[in-house]
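Observations on chain architecture
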Amino acid sequence: MMCNAYRARTTTSTIALVAGGCLVISGTTAGPAAGESSSAAGTESWLTHVSPSEADEEGWVAQVSPAENKADGRYADPQYVGAYSDVDKKGELPQVTGRTTWLDPGEGQADAQKKPAGKTAKAPANGETADKAEKAASGTSVAGLFRPDPQYDASYDAQGNVDVYGAKSAVEPPRPLLEIGRQQYTSGMYDESSTFLGEKNPLLPGLAIYGDWRTAVAYNNNNGKDIAQIATRLNLDVDFKITGTERIHAFFTPIQDGAAKFTRYEFGGGGANDRFNDEYDFEPQTLFFEGDVGSIYSGFSGNETSFDLPFTVGLFPLFLQNGIWANDAILGGAVSLPAKNSAALGLANFDVTFFAAFDNVDNVGIIGADSHVANLYGVTAFIDAFDGYIETGYALVDGYDDRDGLMVHFLTAAYSRRYYNTVSNSTRVFANFGDDPDGDSDGIAIISENSLITGLPSTLLPYANFFVGFGNPQPLVDGNGAGILKNVGINFETDALTGYPKLDDTGSDAFGGAIGLQYLFDLDQQLVFEVAMVQPFDDDGIGAQDPQYGFGVRYQIPIDRAWLFRADATYHIIEGAEEDNFGIRTELRRKF
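Here is a short report on the structure shown in this document. Predicted model only: the values in this text are computed from it and were never measured. (Residues numbered from 1 in each chain as written. Predicted model: local features only at pLDDT ≥ 70, side-chain atom pairs only at ≥ 80, totals over all residues. Heavy atoms only, no water.)

**Details of the nonpolar core**
Generally speaking, soluble globular proteins have nonpolar side chains that are buried together. Using the following cut-off: Remark: nonpolar core denotes a set of buried residues (Ala, Val, Leu, Ile, Met, Phe, Trp, Tyr, Cys) joined through side-chain atoms within 4.5 Å. Under the scheme applied here, a residue whose accessible area is under 20% of the maximum for its type counts as buried, over 50% as exposed, and between as partly exposed, the area being computed with a 1.4 Å probe on protein chains only. Residue contacts follow a heavy-atom distance rule, with two residues in contact if any of their heavy atoms lie within 4.5 Å.
With 38 residues, the main nonpolar core has Leu318, Phe355, Leu376, Val397, Phe410, Leu476 and Phe492 as its most contacted residues. With residues up to four places along the chain from it excluded, the contact list for leucine 476 reads Trp325, Phe355, Asp362, Asn363, Leu376, Ala395, Val397 and Phe410. Leu347, Val352, Ala381 and Ile390 belong to the second largest nonpolar core, which has seven residues in total.

Next up, the structure:
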């Protein structure tokens, strides 16, 4: 017994001497003094130090229990620190719940050679590895080297987080009317494709016809003419895929004539003709080829290209600034330089698109009703910069034949950004100026679109949009004859079906805006309330001559994945007019 006690004391003394030598050599500081609490060991360390008075007669220092959380709410891992304690009478370490951080035995090699048989070498006495000790000696704070462990509250749902990646089911969308060949949005295995255009640009042929069918019942009183009617229109997209990047596309509206005459039955109101009106137009509204020069070159050459150069040619849709600046099909071509960056300018991402049209240029406000008397040349860019998103563009409309001598320049710029996680804003500027032998083609409009970020940022969206216009501001092209204010609010847009009334959307020498609230429920319905105003400040004979006030409401709900129900109502107070405008309508839409 005396011999065993002597060995124990000798072993303990040896460990203390070796540990002390390590501290002197490394320059680390020792643990807390006797009687100093573990919290006094400092919030500087992850390890909770144990007072030497808590060590047993063999010199073992206690494991740290996971229940002993630190003052900042983080749990200390059950690590072994210092010498070791809390060894039971059989010389075994107590059982500890939670995970244990095991350190490299090489970091405590000096201690490991002197541990009693059956004990495992752990961390140095002061709870720091040799690497940490070296950093401490150089003046580096150990606390700044590691981030805290994740914190999970009582409502943490582990299975829910796993389900994000695996617990999914397929959503079957409505299928097109016709699908031949490779289908859209389906999974493989696919048959091996033909390499007629090259092994690096394999064919993926497929023909699809899809679109929607809209039918509305409405009673509208618009500028003194009231009509109750049921109207319908059919939108058909015909898409022929050739490869993964090349296709031919066409769009048809067969049961309407132009942008304003729809197949309908007028059955009531003072302006109704009390008969069925059939309207037909089988000419394509768009017909174009689009592809990528890089992919085509790779196919023919057999070499991978280091660039993408998408392009289109034909009667193609031009949609810019959310449709405000351009929303029409033009006959010509376009080419884009996508996903570029510039270290010199500090631009992480930008796209540039060049476009031109030689026919079908629609701009009623400047060119007139004839869309075959002007050419169009332009460039637009999309840029991520200044902590936001920039859209900018320039275009030139050059008249010929009946509009010879017409040369009008169009400029636009917009900046979108979220401020202080409270307001999302897009500020847009539109300007047009130049030579117009038949009228005034100069104008400028500024539109500010704002939405408040609420506690339900995806579903509850208060918005406030404002505008001011001078002269005769015009969109670049618009096939529906809409003005520059068409997106300011629901009171400024028509339904492109029943002649639903709208406030003056020219923005000519006027200011105003729309304030509304949009609620999307669980992203399965839409409800919008809005009030709007137009205040002219000059009688230029183009837009509104007197103040206008609008009140509108809209409701939409999907019946299923193919059918949609929508209802709208609006009332407009027009000062100086004999009567106010109003409209009420319901619509059923079938997508396919």
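**Description of the side chain of glutamate 449**
Rules: Strands here are runs of E lasting at least two residues and helices are runs of H or I lasting at least four, both read from the DSSP assignment and numbered beginning at the N terminus. Each polar contact in these results corresponds to two N or O atoms within 3.5 Å; when the atoms are within protein, one needs to be able to donate a hydrogen and the other to accept it, and residues that are neighboring in sequence are counted only if both atoms are side-chain atoms.
Mapping glutamate 449 onto the fold places it in strand S16 (residues 443-452). Engagement of the side chain of glutamate 449 in a polar contact is seen with the side chain of arginine 428, the distance being 3.3 Å. Setting aside anything within four residues of it in sequence, one finds glutamate 449 in contact with Ile324, Ser424, Asn425, Ser426, Arg428, Ala464 and Asn465.

**Here's the deal with empty space enclosed by the protein**
We count it as follows: Site definitions follow a grid-based scheme: protein atoms alone, a 1 Å grid, a 1.4 Å probe that fits but cannot get out for cavities, and for pockets an open set with protein on both sides within 12 Å along at least five of seven lines, plus lining residues having an atom within 4 Å of a point. Grid points are joined across faces, edges and corners, and a volume is the space filled by probe spheres set on the points. Any residue outside Ala, Val, Leu, Ile, Met, Phe, Trp, Tyr, Cys, Pro, Asp, Glu, Lys and Arg is labelled polar, Gly included; the first ten of those are nonpolar and the last four are charged.
A full pass over the atoms with the stated rule returns four cavities of 30 Å³ or more. Put simply, the second largest cavity is a space of about 40 Å³. What lines the second largest cavity is Ile490, Asn491, Tyr500, Gly552, Val553, Arg554, Asp568, Ala569 and Thr570. Elements with a contribution of two residues or more to the lining of the second largest cavity: strand S21 (548-558) and strand S22 (563-574). The class makeup of the residues in the lining of the second largest cavity is four nonpolar, three polar and two charged.

**Here we look at helix H5 (residues 293-301)**
For clarity, the cut-off: Working definition: the arc comes from the directions between the helix axis and the C-beta atoms, pointing outward to the latter.
Residues Gly294, Ser295, Ser298 and Gly299 constitute the buried set of H5. Down the axis of H5, the sector holding all buried residues measures 135°, keeping them to one side. A side-chain oxygen of the first residue of H5 lies 3.3 Å from the backbone nitrogen of glycine 294; this N-cap is aspartate 292. Directly after H5, the chain includes glycine 302, whose backbone phi takes a positive value near 80°.

**Points about the pairing of strand S4 (residues 247-252)**
The following threshold applies: Should DSSP find at least two bridges between two strands, the strands are regarded as paired.
By the bridge criterion, six bridges tie strand S3 (residues 225-243) to S4 in an arrangement that is antiparallel. From the neighbouring strand, aspartate 239 faces S4, where its bridge partner is histidine 249. Note: S4 against strand S8 (residues 286-292), five bridges, orientation antiparallel. Looking at the pairing, arginine 247 lines up with glutamate 290 of S8.

**Considerations on the pattern of salt bridges**
If charged atoms from side chains of opposite charge come close, those side chains can pair. Short version of the rule: Salt bridges, as used here, are contacts in which a Lys or Arg side-chain nitrogen is within 4 Å of a carboxyl oxygen on Asp or Glu.
Tallied over the entire structure, the rule returns 22 salt bridges. A salt bridge links arginine 566 to aspartate 568, with the shortest nitrogen-to-oxygen separation between them at 2.7 Å. For aspartate 568, a relative accessible area of 5% gives the class buried.

**Notes on the packing of aromatic side chains**
Applicable threshold: Note on aromatic contacts: the rings of Phe and Tyr and the six-membered ring of Trp form a pair at centre separations within 6.5 Å, being stacked when their planes are under 30 degrees apart, edge-to-face when over 60 apart, and tilted otherwise. In this scheme, the term charge over a ring applies when either NZ of a lysine or CZ of an arginine sits within 6 Å of the ring centre and within 35 degrees of the ring normal.
Within this structure, the stated rule accounts for eight aromatic pairs. Ring geometry for phenylalanine 470 versus phenylalanine 537: centroids 5.7 Å apart, planes at 50°, classification tilted. With phenylalanine 470 in strand S17 (residues 460-471) and phenylalanine 537 in the loop between strand S20 (526-536) and S21, the pair connects residues that are 67 residues apart, well separated along the chain. The class for phenylalanine 537 is partly exposed, based on a relative accessible area of 40%. Between the NZ or CZ atom of arginine 182 and the centre of the ring of tyrosine 190, over which it lies, the distance is 3.8 Å.

**Brief notes about unusual backbone geometry**
For asparagine 421, which is not a glycine, the phi torsion comes out positive at approximately 55°. For asparagine 421, the location among the structural elements is in the loop between strand S14 (407-419) and strand S15 (423-435). Even without being glycine, leucine 523 reaches a positive phi, approximately 65°. Along the chain, leucine 523 falls in the loop between strand S19 (510-519) and S20.

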